[in-house]
Amino acid sequence: TGNRVSLELENNQIADTISVSWTDPYATPDGISRTVAAFYRKSEGVIRYSSGFDSNSIGSSLTYGIPISEYSSFRLGLGVEETSINTFATATADEVLRFVAENGSNFTTYEFRTGFGRDTRNRTIFATRGSLNRINLDLVLPGSDIEFYKASYQLQHYQPLFSGVFAEINANIGYIENYGDTTTVPPYEHFFAGGTGTVRGYRSGSLGPRDTPYNNAFGGKLRTTVQTNIVIPTPLESDNKTTRLSVFYDIGNVFAEP
């Protein structure tokens, strides 16, 4: 049937997570997909070196994927989430204490999710040609306890060069902003950079603004990253489908404001 069920159980130094999802790729005869998901997360910060606060979140979502053409699709969904923050007088960053003082520590949010994607890659994993363009907009709806929106754009492009060598470019930009009566973006929604998925060679989440007075990574509203790989053929009989050798150059950062 093509139905896909996913169950995730995670336990590490900063978080305990349980999440489950079910995707029906043919919820309608026209090929509209439907994904139902739910999660619970208890964390001691957003990243390992965080700003001294605990959070508990529980939520669920319903998302539809609507095909427009062979290569293009549209994303449409709704989500609801409850989040609480616990702070500590001698360990929590000033920025987090200020956010809680101005906006509270318990939030119920209702989110509208939409996006558009165009994918012409020859394979989803270890592609060698084609491009992926994806733009998403997630809006926490008016009437929620806090109000903000998050926008992102992703580009993956594969360009053959010579003798089986090709370039892979993975560029991402993300921006989050508060609106309405919310005075600033929730700290647990900040963007972070550094590590495998963003800027390799730096400790995970370590780039960008720091908090006060502990000088831990605090993330920010804007993230821009570009990963460039020159993929070189290997003597292994994998045809670049399972094993790759590449030289990379990454650039990017996180900013408190644009």
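Here the structure is a predicted model, which means the values were calculated and not measured.

**Overview of unusual backbone geometry**
For the peptide bond that leads from threonine 212 to proline 213, omega is 5 degrees, which places it in the cis range. With respect to the helices and strands, proline 213 occurs in the loop between strand S9 (165–178) and strand S10 (222–232). Even without being a glycine, phenylalanine 126 presents a positive backbone phi close to 60 degrees. Of note, phenylalanine 126 is situated in the loop between strand S6 (106–119) and strand S7 (130–140). With a phi close to 50 degrees, serine 163 is a non-glycine residue in the positive phi region. Within the secondary structure, serine 163 is located in the loop between strand S8 (148–162) and S9.

**As for the side chain of threonine 109**
Along the polypeptide, threonine 109 turns up in strand S6. Using a relative accessible area of 11% as the deciding quantity, one classes threonine 109 as buried. Once you skip the residues sitting within four places of it in the chain, threonine 109 turns out to touch Gly79, Val80, Glu81, Val140, Ser144 and Ile146.

**Quick notes on the sheet that holds strand S5 (residues 72–87)**
Taking strand neighbours across the sheet as the criterion, the eleven strands line up as S1-S2-S3-S4-S5-S6-S7-S8-S9-S10-S11 in an open arrangement whose pairing is antiparallel. Both outer strands of the open sheet, strand S1 (4–11) and strand S11 (245–255), are each paired with one neighbouring strand and no more. Averaged over all neighbouring strand pairs, the angle between strand axes comes to 10 degrees, with direction disregarded. Where S9 meets S10, ten bridges bridge the pair, whose relative direction is antiparallel. Residue isoleucine 169 lies in a different strand from S10, and its bridge partner there is threonine 228. Lying on the sheet, helix H1 (residues 94–103) is in contact with strand S4 (53–67), S5 and S6; it crosses S5 at an angle near 95 degrees.

**Observations regarding H1**
Among all positions in H1, only Glu95, Val96, Phe99, Val100 and Asn103 are buried. The buried side chains of H1 occupy one side of the element, clustering within an arc of 135 degrees when seen end-on. On the buried face of H1, the contacting elements are S4, S5 and S6. The positive-phi residue at the C-terminal boundary of H1 is glycine 104, with phi of around 95 degrees.

**As for the packing of aromatic side chains**
The full count for this structure, using the stated rule, is three aromatic pairs. Ring centres of tyrosine 149 and tyrosine 175 lie 6.4 Å apart, and the angle between their planes is 70 degrees; on these two criteria the pair is classed as edge-to-face. Residue tyrosine 149 is located in strand S8, and its partner tyrosine 175 is located in strand S9; the two are separated by 26 residues in the primary sequence. Judged by relative accessible area, tyrosine 175 falls into the partly exposed class, the value being 22%. Directly above the ring of phenylalanine 191 sits lysine 150, whose terminal nitrogen or CZ lies 5.3 Å from the centroid. Arginine 200 extends its terminal NZ or CZ atom over the ring of phenylalanine 248, reaching a point 4.1 Å from the ring centre.

Cut-offs applied
Residues numbered from 1 in each chain as written. Predicted model: local features only at pLDDT ≥ 70, side-chain atom pairs only at ≥ 80, totals over all residues. Heavy atoms only, no water. Helix = DSSP H or I, 4+ residues; strand = E, 2+ residues; numbered from the N terminus. Buried < 20%, exposed > 50% of the residue type's maximum accessible area, 1.4 Å probe, protein only. Contact = heavy atoms within 4.5 Å. Pairing = 2+ DSSP bridges. Axes fitted to C-alpha atoms, helices over the stretch in contact; angles between N-to-C directions. Arc of directions from axis to C-beta. Phe/Tyr/Trp six-rings, centres within 6.5 Å; stacked < 30°, edge-to-face > 60°. Lys NZ or Arg CZ within 6 Å of the ring centre and 35° of its normal.

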